Structure formats: structure tokens, C-alpha cells
There are 2 protein chains.
Amino acid sequence: FEPMSMFTPKKKTQAVSYCIHLSFSERAKVCKHPVAKRLFTLMEEKQTNLAFAADVTDSAEFLKLADLLGPHICIFKTHIDILSNFTPNVITELKALAKKHNFLIFEDRKFADIGSTVKNQYRSGAYKILDWADIVNAHSVPGQGVVEGLREAAKGKERGCLLIAEMSSKGNLATGDYKAATVKMAEEMSDFVFGFISQSAVSRKKTMIHMTPGVKLVPGAGTLGQQYLTPQEVIIERGSDIIIVGRDIYEASNRLATAANYKKVGYQAYCARVFRSKDE
Amino acid sequence: FEPMSMFTPKKKTQAVSYCIHLSFSERAKVCKHPVAKRLFTLMEEKQTNLAFAADVTDSAEFLKLADLLGPHICIFKTHIDILSNFTPNVITELKALAKKHNFLIFEDRKFADIGSTVKNQYRSGAYKILDWADIVNAHSVPGQGVVEGLREAAKGKERGCLLIAEMSSKGNLATGDYKAATVKMAEEMSDFVFGFISQSAVSRKKTMIHMTPGVKLVPGAGTLGQQYLTPQEVIIERGSDIIIVGRDIYEASNRLATAANYKKVGYQAYCARVFRSKDE
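Our subject in this report is the structure included herewith. Throughout this document, residue positions are counted from 1 along each chain, in the order its sequence is written. Each chain takes a letter, starting from A, and each ligand takes a number, starting from 1, following the order in which they are written. With the structure being a predicted model, the display of local features is reserved for residues of pLDDT at least 70 and the display and counting of side-chain atom pairs for 80 or more, all residues being used for whole-chain, interface and lining totals. The basis for every side-chain value is the complete set of heavy atoms in the structure, and neither hydrogens nor water enter the calculation.

This part is about the state of the cysteines. All names here are of chain A. Cysteine sulfur atoms are paired as a disulfide whenever they come within 2.5 Å of each other. Under the criterion given, the structure shown has 0 disulfides over all chains. Just so you know, C161 is unpaired, no disulfide at all, and the nearest cysteine sulfur is the one on C31, 15 Å from it. Residue class for C161 comes out buried when judged on its relative accessible area of 0%. We call a residue buried when its accessible area falls under 20% of the maximum for its residue type, exposed when it is over 50%, and partly exposed in between, using a 1.4 Å probe and counting protein chains only.

Spelled out as C-alpha cells, the structure:
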């Protein structure tokens, strides 16, 4: 899959040639998807393209991190199903913190079943994800039924979905035709799908948002096949929009300062990209 | 991906040419995987290759079905995260019913994340899946890290995993290279992975068990992209071992009789396959 540039400026990394000359606020203006519009707008307002991956298992710590890091992030990414002491009150408090600090909540559920099943998984069960997560994501492997099921469940609510177009883990199969089919599926269902989890800009649509996990200031390999990239690589070279950082922040001795630094580095990379492309 | 036959008898459907001449008890004998061995053994004892997909959202109905259908099934397949009124007591009762009726519990979670995440999703959260599900499954798209993470969490417990090699939903991407990579991954990690969710026999290893969802006595297409096959097609023509049936049973006016019929039809198809191949 080799997407062609819509703007084709001078020689430049192929991946970043679509809409990198546009600022988040310019892209917000042309967005019809309410969640994408909200996200672009708050990113520019708060000057942050940092999503925090809250991969902790204690509910109190989870909420403490949402309050502490809230001012620096555009998205609080959850794995609600790893909290060992979950109660519905965690959701009530998280929603209040999202409002207080103006961030979106993204449950990284990676829905990956047929439509009728994901519909129930999304709205029902112990977690009732539909009630509180602005954003969810899905694997494309089940075919478009997975998105149709989620979209049906979300009807009438301001909700959006990302498709997983690329992964950062070793030996993953989200490549080649799989990736191309995922991008096509997302673009065809852009009333509900507004972006991607990916390692680079995989769609040339300027309303599509790309988010990249596996980001560290120092690149390298982790345990269990995880691989890391730097914010500059992700935003400038690969044309993604949002860096997703977890462990490096929640395991830091000074979590707030580390998050503030990632915010600065991530947003500077975005500014450099927009400036550089406008300059050419 | 075109697996070659180990036994290559006369002309026969390519998919069913590996180990179809072996009975479940013969395959049990050569199994090292404790869960596969248990499953093959109880299938022959109870004369059933029927797995029931308990896709209901009410906990009382869920348990009622486990008790009612228990004598006729080898596996009770759950989506624990669609129960609207889940309490830990549901698990306690389900485990007691599994013991009473001698069936295995398969949580159809479709794990699909990096190793460090699925490890927590498997053992922690509201559902503590590791504590009660004999079997779980995973998508191969994240690469082998997904299996490594689950295997690490399960260490010391009698647990097994299936990989999703093929899906029944329209436009699904579990085909071609993706499917081939999935089969390879499973065979390389056969200390933990003992089979597949698939539409046909995708591995020639006789210890690998194939389970097929989307089975109905009358074939056709459902809503949200689901497609159906008959038990005979699945077991005889395609060489799978276990039929997974949900809606057709729990929506029947006589659930018990319907399950008993699926059990009979499914097991007869298996017997016909073994007999036919022995006869040749």
C-alpha cells in the first residue's frame, strides 16, 4: 500500500506528505466528526499532542495520575480491564477529571469480534464502556462488521473509533494488504472511525488522526516484543499526530515533570513539522 | 498457505487429509498438552463435539443454560463481558456446573494486544479470566508477544489457548499470509496453544484441535456480516473437530432438544469422517 500525496511538495519523507502543512486547528475546521473536531481543538488550545497510557492496575493510582497529568495531555488512554479494584465510582471520578482538565478518554479495548458480539461488549458488562469512553478502538481483522456493531451501539452518542492499522510489537501481522484493507475500511466508515493507531500516517485524509504508541525519548526494544520510537521520529519523520506514552511517565521518579517534558517535545515536533512544511 | 498431507490417502478434500482417520481418543493418547488431552478424552466419553456459545446477557439465564445443556456439550463458550448483572458468584456457580457436567470453560476474549497488556487483562480486572477459564483465545495480529504474555500469566496452571486462524464474518482479513503466519505461530508455541478457531483444518498436527463458529443446520447469512455453515460441511468437508453453536440453541423454543440434536448431528459427522477415512 503506497498512498499518494495530495499536495506533493518537494522531496520529503513519503509518509508525511499529506496534511502535515496543516495545523490541528485548520484540520478541526474541516472536520465533520464531532470527536475528531473536539480533539483537534483541545490539542491546539492545550498545546499538547501527548496521550497518556494509564497502564496501572490500582484504581487509586489510576485516578491520581488522571488528576496529576490531566493538564498536560489531550487523551487519557485506559485499559479499564486491568484495574484490580475497579468499582463504578472509578468511572464517575474519571469523567469528572476529564471535564476538569479537558481531556478525552480513550478505552484501548481493541474490539476484535463479529458485530453482534462487540455491540454487547461495548455497551454492557461490568464496564459499560460506551457510557464513558469518548474513543474506543478496533482491530479490522473481523471485517467491517466490527465497526458496524460498535457504530450501532453508539448511535446518538458523541463517540468515535480508531482502527489499528499498524502495531509496534515484534512480528505483528498488521502489514501489507492487512494495513491497506484497514485504511480503506476506516475511510469508508469515517462517520464513526476518525483515525488510526499506527506507526506512521497511513491515510492521506486530513480529518483522520494518527496516534502512535511505543514512544520513548530513548528508542530501543522492551520485553515481550515491544519496540520503541522517539517523538521526533513519530511526528516529524512518520507524520503521526499524537504520541502515546505510558511506562516512561508512570515509572518516572517525577511523573509530572516527565509528562510535561513529553508534552513539550511532542508539541515542538508537531510545530517543527507544520513550520517546515509551510516554509518549503 | 497450502499445508501438505502427512498421510496422503486417495483423492479427498485437501483440508481433511491430515488426521481425520484418527479418533479423538487416539489423538488424546499422543497429546502432551493437558487441556487438549482432557478435551479429546471428554469428547469421546460424552460423545459430543458440540461447544455452546452462551451469548446471553443475563447471568441467571447464562447459568441456567450451563446446567441445562451441560450434559450435551464439551465446551461452554463465554463472553463474560456481556453479562449485564455479573458478580463473582456467577463464576463460582459456573465452575461447579463445569465439574458436575464435565465440560470445559472457554472465555472467547480474543486477546489482541501486546504481551505486557494481555498478561494483565488475563489475570486481573473484574473478571480474573485466568482463575476460571480452561481455554482462552487470541488474535495473532500483535505477533507472538500476545501468546508469550498469556503463557507467562498462566504459568503453573492447566490452561490452554487457541489462535484465531480464520473467521466467519464477511470481509474478514484472516486469510492468506495472515492465516499462514497464525498457523506457524501456534505450532511454534504448542506448549500453550493447542488449537484454532477456524473454518477448516488449518494445521496438519494431530494434537491441534480445530473449532468452528458460525454453524447452523440451515446455512446462510446473518446480520452484521455473519455467515453460516452446516455441521456436515464443517466436520466432514472441512476437517474441523468442534462445532460452536449459539443463537440456534438459545433462541430455540426447545433448547434442550435443539442442543441434543446438534450434538447428534455433529458427532455423527465426526464418526462418518473417521469411518470413511478408515474404510479407504
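Okay, back to it.
Here we take up the pairing of strand β6 (residues 193-197) of chain B. Residue and element names in this part refer to chain B. Counting buried residues in β6 gives 5 out of 5 residues, a clear majority hidden from the surface. Here, any two strands with at least 2 DSSP bridges between them count as paired. Numbering of helices and strands runs from the N terminus; a helix is a DSSP stretch of H or I covering at least four residues, while a strand is a stretch of E covering at least two. Two elements, strand β5 (residues 160-164) and β6, share 4 bridges in a ladder whose sense is parallel. For C161, the partnering residue across the bridge sits in β6 and is V193. Taken together, β5, helix α7 (residues 176-188) and β6 form a β-α-β motif whose crossover is right-handed. The pairing of β6 with strand β7 (residues 209-212) spans 3 bridges and is parallel. From the neighbouring strand, G195 faces β7, where its bridge partner is I209. For crossovers, right-handed means that the path from the first strand over the helix to the second runs clockwise, given strands pointing away from the viewer.

What follows concerns the sheet that holds strand β3 (residues 104-111) of chain A. With parallel pairing, the 8 strands of this closed barrel are ordered in space as β1-β2-β3-β4-β5-β6-β7-β10 (chain A). The average angle at which neighbouring strand axes cross in this sheet is 30 degrees, direction not considered. Lines fitted to the C-alpha atoms define the axes, with helices restricted to the stretch that makes contact. Angles between their N-to-C directions range from 0 to 180 degrees.

As a further point, take the interface of chain B and chain A. Contacts are assigned to residue pairs with any non-hydrogen atoms lying within 4.5 Å of each other. Taken together, the 46 residues of chain B in the interface contact 46 residues of chain A. What counts as buried area is the accessible surface, traced by a 1.4 Å probe, that two parts surrender upon association, with contributions from both included. Taken together, both faces of the contact between chain B and chain A bury some 3,500 Å²; the carbon and sulfur share is 58%. Whenever a carboxyl oxygen of Asp or Glu lies within 4 Å of a side-chain nitrogen of Lys or Arg, that contact is scored as a salt bridge. Between the two partners, chain B and chain A, sit 4 salt bridges. The salt bridge involving D81 of chain B is made with R109 of chain A; its shortest N-O contact spans 3.0 Å. The term polar contact refers here to a pair of N or O atoms within 3.5 Å; inside protein, the definition further demands a hydrogen-donor-capable atom paired with an acceptor-capable atom, and it admits residues adjacent in sequence only when both atoms are side-chain atoms. For the interface between chain B and chain A, the tally reads 15 residue pairs in polar contact (both at pLDDT 80 or more). Residue assignment for the side of chain B that touches chain A shows that the elements contributing at least two residues are β3 (104-111), α5 (115-123), α6 (145-154) and α7 of chain B. Side-chain classes are defined by residue name, with Ala, Val, Leu, Ile, Met, Phe, Trp, Tyr, Cys and Pro counting as nonpolar, Asp, Glu, Lys and Arg as charged, and the others, Gly among them, as polar. Here the residues of the side of chain B that touches chain A are counted per class, giving 14 nonpolar, 21 polar and 11 charged.

Secondary-structure assignment places I236 of chain A in helix α8 (residues 231-237). The class of I236 of chain A is buried, set by a relative accessible area of 13%.

Glancing now at unusual backbone geometry. The residue N102 of chain A is not glycine, and still its phi comes out positive at about 55 degrees. With respect to the secondary-structure elements, N102 of chain A resides in the loop between α4 (88-101) and β3. Looking at N102 of chain A, the relative accessible area reads 31%, which means it is partly exposed. Of note in the backbone geometry, K110 of chain B takes a positive phi value of approximately 50 degrees without being a glycine. If you trace the backbone, K110 of chain B turns up in strand β3. For K110 of chain B, a relative accessible area of 8% translates into the label buried.

Next up on the list: the side chain of H33 of chain B. Residue and element names in this part refer to chain B. As for its position among the elements, H33 is in the loop between α1 (24-30) and α2 (34-46). In this structure the side chain of H33 is engaged in a polar contact, spanning 2.9 Å, whose partner is the backbone oxygen of F192. In this view, H33 contacts R159, G160, S190, D191, F192, V193 and F194; residues no more than four positions away in its chain are not counted.

Mapping chain B onto chain A is achieved by rotating through 180 degrees and translating by 0.0 Å along the same axis, at an RMSD of 0.0 Å. This pairing of chains is accounted for by a two-fold axis. A share of 100% of the interface residues of chain B reappears at the interface of chain A, consistent with the copies meeting face to face through the same patch. Least squares is the method for superposing the copies, and the C-alpha atoms it fits come from residues with pLDDT of at least 70 in both.

Another point: the environment of A28 of chain B. Residue and element names in this part refer to chain B. Relative to the helices and strands, A28 is located in helix α1. Relative accessible area serves as the criterion here: at 6%, A28 is assigned to the buried category. Separated by 16 residues in the primary sequence, A28 and E44 have C-alpha atoms spaced 9.5 Å apart. Residues contacting A28, with those up to four places away along its chain left out, are K37, F40 and T41.

Below, the discussion takes up the sheet that holds strand β1 (residues 50-54) of chain B. The 8 strands are arranged β1-β2-β3-β4-β5-β6-β7-β10 (chain B) in a closed barrel whose pairing can be described as parallel. Mean inter-strand twist for the sheet, computed between neighbouring axes without regard to direction, equals 30 degrees.

Moving on: the packing of aromatic side chains. Residue and element names in this part refer to chain A. Side-chain rings of Phe, Tyr and Trp, where Trp is taken by its six-membered ring, are said to pair if the distance between their centres is within 6.5 Å; with planes under 30 degrees apart they count as stacked, over 60 as edge-to-face, and otherwise as tilted. The final tally for this structure, using the stated rule, is 22 aromatic pairs over all chains. Centroid distance F24 to Y270: 3.7 Å. Interplanar angle 5 degrees. Geometry classified as stacked. Linking F24 in helix α1 (residues 24-29) with Y270 in helix α10 (residues 255-279), this pair joins segments that are 246 residues apart in sequence. The class of F24 is buried, set by a relative accessible area of 0%. Ring plane angle 80 degrees and centroid distance 6.4 Å describe the contact between F52 and Y250, whose orientation is recorded as edge-to-face. Residue F52 is found in strand β1 (residues 50-54), and its partner Y250 is found in helix α9 (residues 247-250); the two are separated by 198 residues along the sequence. The buried category is assigned to F52, whose relative accessible area is 0%. Relative accessible area serves as the criterion here: at 13%, Y250 is assigned to the buried category. We note K216 situated over the ring of Y228; from NZ or CZ to the ring centre the distance is 4.8 Å. Cation placement over rings: the criterion is NZ of Lys or CZ of Arg within 6 Å of the ring centroid and within 35° of the ring normal.

When you line up the elements, R109 of chain A lands in strand β3. Filtering out sequence-adjacent residues up to four positions away, R109 of chain A remains in contact with Q121, I129 and N137 of chain A together with D81 and R109 of chain B.

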